[in-house]
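Observations on the three-dimensional arrangement
Chain residues, written in single-letter form:
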Amino acid sequence: TDMQFFAKRAKAIMDESFEAAEEMKSSYLNLLRYFGEDEKMPSGDFFATLNRFLGSFEAALDAVNKAEQARIKEEKRQKAQERKEKMRSTVQKGAAALQQATKKP
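Structural notes, computed from the coordinates.

Rules and cut-offs
- Residues numbered from 1 in each chain as written.
- Predicted model: local features only at pLDDT ≥ 70, side-chain atom pairs only at ≥ 80, totals over all residues.
- Heavy atoms only, no water.
- Salt bridge = Lys/Arg side-chain N within 4 Å of Asp/Glu carboxyl O.
- Helix = DSSP H or I, 4+ residues; strand = E, 2+ residues; numbered from the N terminus.
- Buried < 20%, exposed > 50% of the residue type's maximum accessible area, 1.4 Å probe, protein only.

With that settled, consider the pattern of salt bridges. Scanning the entire structure with this criterion turns up seven salt bridges. Notably, a salt bridge pairs Asp15 with Lys11, separated by 3.0 Å at the nearest N-O pair. Here Asp15 pairs with Lys11, and both are found in helix α1 (residues 2-34), just four residues apart, close to one helical turn. Residue Asp15 is classed as partly exposed on the basis of its relative accessible area, which comes to 39%. Given the relative accessible area of 52%, Lys11 is considered exposed. Note that Glu68 and Arg71 form a salt bridge whose closest N and O atoms lie 2.4 Å from each other. Of this pair, Glu68 and Arg71 both sit in helix α2 (residues 43-102), three residues apart, roughly one helical turn. The class of Arg71 is partly exposed, set by a relative accessible area of 38%. Bridged by salt links that share partners, the residues Glu68, Arg71 and Glu75 form one connected network.

Put into structure tokens, the structure is as follows:
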């Protein structure tokens, strides 16, 4: 009958659901063990802690990347300044040499 078909189908779905729930519980316990957390820790607390950690990690990573970019920019600025000073020195030496060469004795 329709009711028997429904009951069999519903039981199969419920069995799959309970099996999936048990698998999820087992996976969650393994996750807690992996991170060294208390196995009784509620999932909401764990994921809130994980979310805070990820936010802090991303902020720290962003700060490190910005500091690195600033360091690279400063290095480029210093190298450009050194090239400019070297060029100025070369031009001054060349001008002095030219002045000496064109000086009448």
